[in-house]
Amino acid sequence: MATFLGDKRVLWVIFISIAVMQFAIFGLTGYIAGEGNWLMPLDDVYIHFQYARQFAEGHPYQYNLSDPPTSGATSLLYPYLLAVGYVLGFQGLWLGAWAMILGSLALVVSLWAVYHLCVAMNAPTELSLATSVLFGVTGSLAWHFMSGMETGIVIALTLWTLVAVIEKRLRLFVIIGTVLTLMRPEGGVLAALAVGTLFLRLWSEYGGREKEAGRRWQLLLLALPVLAIGAQPLLNLLITGTTVATGNQAKSILATVPYDPIVIAGRIWDNFSRMWVELATGYDAREGRGWYLPLGVGVIGLLAIPLLLFKRDYRLVGLMLLGWFVAVIGAVSTLDNAFWHFKRYQMPQHALLYPMAMWVLIFAIGRMPKAKYAVYGVLGIMSMFAIGLLVQFQGYHALNVSYVYQQPYQMGLWLRDNTPEDATVAVHDVGLMRYVGERETLDMVGLTTPGAAAYWRNGPGSVAEWLLNVRPDYIASYGRGHGYGLGLLEDTALYENEVASFEIADWRPEANVALAANRQAIYEFSTGDRYQSFTECVVGEPDTVLFVTQIGALDVGDIESETAFDYEWQSSITNRYATEARQFSMSDVTVTDGYRVLDGSEAFTINMSCGNTEDAVILFTNVHAEQANAIDIYVNGAFVDTQWIPEIPGEIFTITTSIPPSYVEETMKIEMVVQNQSSVYLPLSHNIRQYTGNDAGYPFMLSPFDEENFVSLATYKDGDVHLHTAEFGDLEQSAGRITFNAFIEWFVPYSASTDGDYLFFVHVYDDRNSPPVAQWDDYYFDAPLGNWLTGEMPPEFIQIDVTDVPTGTYEVAIGFYNPQDPADRLIPESDVYEVTPDGRLWLGEVEIE
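A short tour of the structure in this document, coming up.

About the cut-offs
Residues numbered from 1 in each chain as written. Predicted model: local features only at pLDDT ≥ 70, side-chain atom pairs only at ≥ 80, totals over all residues. Heavy atoms only, no water. Helix = DSSP H or I, 4+ residues; strand = E, 2+ residues; numbered from the N terminus. Buried < 20%, exposed > 50% of the residue type's maximum accessible area, 1.4 Å probe, protein only. Areas by Shrake-Rupley, 256 points an atom, 1.4 Å probe, with all protein chains shown as cover. Lys, Arg positive; Asp, Glu negative; His and termini not counted. Charge placed at Lys NZ, Arg CZ, Asp CG, Glu CD. Expected span 1.5 Å × (residues − 1). Arc of directions from axis to C-beta. Contact = heavy atoms within 4.5 Å. Polar contact = N/O pair within 3.5 Å; in protein donor to acceptor, adjacent residues only side chain to side chain. Core = buried A, V, L, I, M, F, W, Y, C linked by side-chain atoms within 4.5 Å. Pairing = 2+ DSSP bridges. 1 Å grid on protein atoms, 1.4 Å probe; cavity = no way out; pocket = protein on both sides within 12 Å on 5 of 7 lines; lining within 4 Å. Points joined across faces, edges and corners; volume = space filled by probe spheres on them. Nonpolar A, V, L, I, M, F, W, Y, C, P; charged D, E, K, R; others polar. Phe/Tyr/Trp six-rings, centres within 6.5 Å; stacked < 30°, edge-to-face > 60°. Lys NZ or Arg CZ within 6 Å of the ring centre and 35° of its normal. Bend = angle between axes of the 7 residues up to and from the residue. Axes fitted to C-alpha atoms, helices over the stretch in contact; angles between N-to-C directions. Patch = residues over 30% accessible without salt bridge, like charges linked within 9 Å, V, L, I, M, F, W, Y side chains within 5 Å. Salt bridge = Lys/Arg side-chain N within 4 Å of Asp/Glu carboxyl O.

In this section: the overall build of the protein chain. Broken down by element type, the protein chain carries 25 helices and 31 strands. C-alpha atoms of the protein chain, sized along the principal axes, occupy 115 × 60 × 55 Å. The buried share of the protein chain, taken over its 849 residues, is 57%. A total of about 33,900 Å² of accessible surface is found on the protein chain, and carbon and sulfur atoms cover 56% of it. Across the protein chain, the centroid of the 44 positively charged side chains sits 30 Å from that of the 93 negatively charged ones.

Time to look at unusual backbone geometry. Residues apart from glycine generally show negative phi values, whereas peptide bonds are mostly found in trans. The omega torsion of the bond from Val 257 to Pro 258 falls at 0 degrees, within 30 degrees of zero and hence cis. Take Pro 258: it is sitting in the loop between helix H13 (246-251) and helix H14 (261-281). The residue after His 428, namely Asp 429, is reached through a cis peptide bond having omega 15 degrees. Residue placement: Asp 429 occurs in the loop between strand E3 (424-428) and helix H21 (431-435). A positive phi angle, near 55 degrees, is found at Asp 718, a position not held by glycine. Within the secondary structure, Asp 718 is located in the loop between strand E20 (714-716) and strand E21 (721-728).

A few words now on H14. Here H14 contains 21 residues, and its C-alpha end-to-end distance of 30 Å stays within 8% of the 30 Å for a straight helix at 1.5 Å per residue. When H14 is considered as a whole, its buried residues turn out to be Ile 264, Ile 268, Asn 271, Phe 272, Arg 274, Met 275, Glu 278 and Leu 279. Buried residues along H14 cover an arc of 170 degrees about the axis, so they all sit on one side. Projecting away from the buried face of H14 at angles above 90 degrees are the exposed residues Ile 262, Trp 269 and Val 277. As for H14, its buried residues are in contact with strand E1 (283-284), helix H15 (297-302), helix H17 (315-332), helix H18 (340-343) and helix H19 (347-367). Sitting at the amino-terminal end of H14 is Asp 260, which places a side-chain oxygen 3.0 Å from the backbone nitrogen of Ile 262. Within two residues after H14, Gly 282 carries a phi angle of roughly 75 degrees, on the positive side.

With that out of the way, let us pick up the nonpolar core. Ranked by internal contacts, the top residues of the largest apolar core, which has 139 residues, are Phe 135, Leu 162 and Trp 359. Take this core: its biggest share by element is 16 residues, from helix H5 (residues 95-120). Not counting chain neighbours up to four residues away, the residues in contact with Trp 359 comprise Leu 117, Cys 118, Met 121, Leu 162, Ile 166, Ala 304, Leu 307, Leu 308 and Leu 321. Counting residues in each nonpolar core, the second largest holds 37 residues, with Tyr 716, Ala 742, Ala 774 and Phe 816 among its members.

So, on to the pairing of strand E7 (residues 519-524). Residues in a regular strand point their side chains to alternate faces of the sheet. Direction of pairing for strand E5 (residues 474-478) relative to E7: antiparallel, over a ladder of 5 bridges. Considered in E7, the bridge of Ala 476 is made with Ile 522. Sheet topology note: the strand E6 (residues 497-503)/E7 ladder contains 6 bridges and is antiparallel. Residue pairing for E7: Ser 501 is matched across the bridge by Ala 521.

As a further point, take empty space enclosed by the protein. As enumerated under the stated definition, the model contains 8 cavities of 30 Å³ or more in all. As a volume, the largest cavity reaches approximately 100 Å³. Taken together, Asp 44, Ile 47, His 48, Gly 72, Thr 74, Met 149, Glu 150, Arg 184, Lys 251, Arg 344, Tyr 345 and Leu 447 form the lining of the largest cavity. Residues of the lining of the largest cavity, tallied by class, amount to 4 nonpolar, 3 polar and 5 charged. Lining of the second largest cavity is provided by Tyr 51, Phe 55, Tyr 61, Thr 70, Ser 71, Gly 72, Ala 73, Ser 75, Leu 76, Pro 79, Gln 232 and Asn 236. Counting only elements with at least two residues in the lining of the second largest cavity, the list comes to helix H3 (45-56) and helix H12 (231-240).

Summed over all chains, the structure comprises 49 aromatic pairs. When the ring centre of Phe 339 is taken as origin, the NZ or CZ atom of Arg 274, which lies over that ring, is 3.7 Å away. Seen from the ring of Phe 620, Arg 689 lies directly overhead, with NZ or CZ sitting 4.7 Å from the centre.

Moving on, we get to helix H20 (residues 371-418). For H20, which comprises 48 residues, the first-to-last C-alpha distance of 67 Å matches the rise-based estimate of 70 Å (1.5 Å per residue) to within 8%. Along H20, the largest kink reaches about 35 degrees and is centred on Tyr 405; proline Pro 408 follows within four residues of it.

Across the sheet, 5 strands lie side by side as E10-E13-E18-E15-E16; this open sheet has antiparallel pairing. The strands lining the two open edges of the sheet, one partner per strand, are strand E10 (568-570) and strand E16 (638-645). Geometrically, the sheet is characterised by an average inter-axis angle of 20 degrees between neighbouring strands, direction not taken into account.

Side chains of Trp 12, Ile 16 and Val 20 sit close together on the surface and give an oily, nonpolar patch of about 280 Å² of accessible area. Inspection of the secondary structure puts Val 20 in helix H2 (residues 8-33).

A sheet is described by the order of its strands in space; here 5 strands give the open sequence E4-E3-E5-E7-E6, paired in mixed fashion. Only two strands of the sheet have a single partner each, and these edge strands are strand E4 (440-443) and E6. Recorded for the sheet is a direction-independent mean angle of 20 degrees between the axes of neighbouring strands. Of the pairings in the sheet, the one linking E3 to E4 comprises 4 bridges and is parallel in character. When the bridges of E4 are listed, Val 425 appears paired with Thr 441. On top of the sheet, H20 reaches E3, E5, E6 and E7; it is set at about 145 degrees to E6, its chief contact.

Here Thr 424 is to be found in strand E3. With relative accessibility at 25%, the residue Thr 424 sits in the partly exposed group. Distance in space between the C-alpha atoms of Thr 424 and Arg 471 is 8.7 Å, their sequence separation being 47 residues. Setting aside residues no more than four positions away along its own chain, Thr 424 makes contact with Glu 440, Arg 471, Pro 472, Asp 473 and Tyr 474.

Encoded structure:
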């Protein structure tokens, strides 16, 4: 029986039959779930397909013909293999069938490798075959061979690399190790460790026996897999201008923004430790997806490492396997998507556990011959689990293909049939909608669009800025269904003009790897008003009184704008995105913008080559006033002023800061430091202007002000704030309302400085000891008292509604209070008006008739 089972022809039949069975199961399942279309269960598959089609049609590395080359396909070789199928006629959706054929071939090759690995450790023929069959029918592995990705090929190459090391087959190793390195970046890690192991195993052998003497020079061949490690970065550099693949830019935890080493280390450690637990148990408790390995395969397989370390002939192999697991799991742990696609990046390690488990069982049989029957029992239990996993993952396959069919496939068809051929579409995700939609795409994640990954890493606020820059014709994307970040975008005008929606009724997020959502939609792009960034100088027309030079405008969250101004920022906030997007009201205009989320500081550099260093500079800072705070402003390290941010969520608040001439230099580094780090500071933009003319630097001063001959009606804050004018207008009737104006003017001496978040109020009283019958409470000239510029503040006509106030004589009082602490009121001093201890300044009476 053992001789029959060991016959290579019999093994070929068994292994090919397993691969054909899996191809039939998953192919038929996908065809039915895809409503008669040969669809794959992952949108990412179609990223490879698009690159492969471009290769076949003579446009290598160009995801879109109008784009420069990109390295969005993480695997260097796999798109070439797919392109072969495309040339052979597997085009359109049928390229998925070719991908599954490649996966089936990889499965056959992997089954042979598992068999070899068991036999190499003296496992009986029937147990070696049983292990291979167990491997072949395990649903989680079969799914990856049939998923359309390169995972199955990587598994086959990994297993055969181990075969070559154990059997000391130099030439086979050089070929397999080199291909493994070129197939996946982490394959280079496996190959490099294997090179060192095989070198040490062959060194003494090639020089120790007479007939082998002089063969050590052949070990130079081991340099080929190592040199191949540099092939993909070098190719990326030559083709795209950077050694870092766009996939790594978009997905690496090491590129987390903000860059906090402690937080990053914590996330990597969480991934690393979780992978070891799931590897040992074979069970995923975190995402609720159940078993990935038959019961016992993980923990028994891992025991092979210490077992080999105690075997002299295989100690180096044991060290290599330990290095493989630690290095690859460590590398995968640095990815945001470490557990995506049913643990795609971990599958080569899962595959290794099958022969390793058999090694442990064979060792047990060698020590205890009667344990052979127990081993058969263990294999029986594992086999039942494997078949159960086949049923489980066949169901996952059907579910995810149906998701692909319902969303990205239908969205691609809609784009193809309902948009102009020259339309550009911003997409998330970019695979099938580009492959089927046949429209130029802008990848919001940044895998296939140069430069977009930096915006994606910086959060939805930067993504909004990027969309406003690239201005696609359409957006086809997730919204709230994908999570909070894209939900922020959906809540803005960017997603305002929905033209088609695609929903999934039987949504099961725990089983979703297709990267679908309960709802996606296509939107015709709508920008609305936005902040305009520029670095060049804009000089205004000279005027007899005043003219303005625009020094520059920084749009926070726009990576290109931030780079142009050497923008820096610090924040310890980890429970929010580095940037967020909102739709704001500003001067009766709706503005879509992105902003930084800070609790530390921000800084940027201004070049005054287009201005002068003799006049003051005015800095206008727009913020989202979500929470009250204060910021200290420094210029080249010198403190200039403190500015106050009120709490008015949903609105853009403008801070105006005067930088006196004594601080103005050719190059100025302006830094804003948050005072209250328990609150957030949310800057949107900075605009730097210089006013030239009479009293330059004081933009609201249209004529000189005679401070020496000024007589104030009242003062606040020890003479830092002067009441200049206080007059009441006549009653006015309009549209059924009765109002009167309070005409108020203030003056802040040039030598003074103000501070505090104080609101101004005008109250009309029938009884001083009762609440006012009419009132106006707001920031004078839209600025807290602490943000007032020195000089004469512009006059404001404060309109007070007295429509419902009975006729009579009423008293009018004004004052300032802190909205964060209403009991905090400023106490004025006046020789003209009455002042009460509660801080009210009584201006006189008004007649309401």
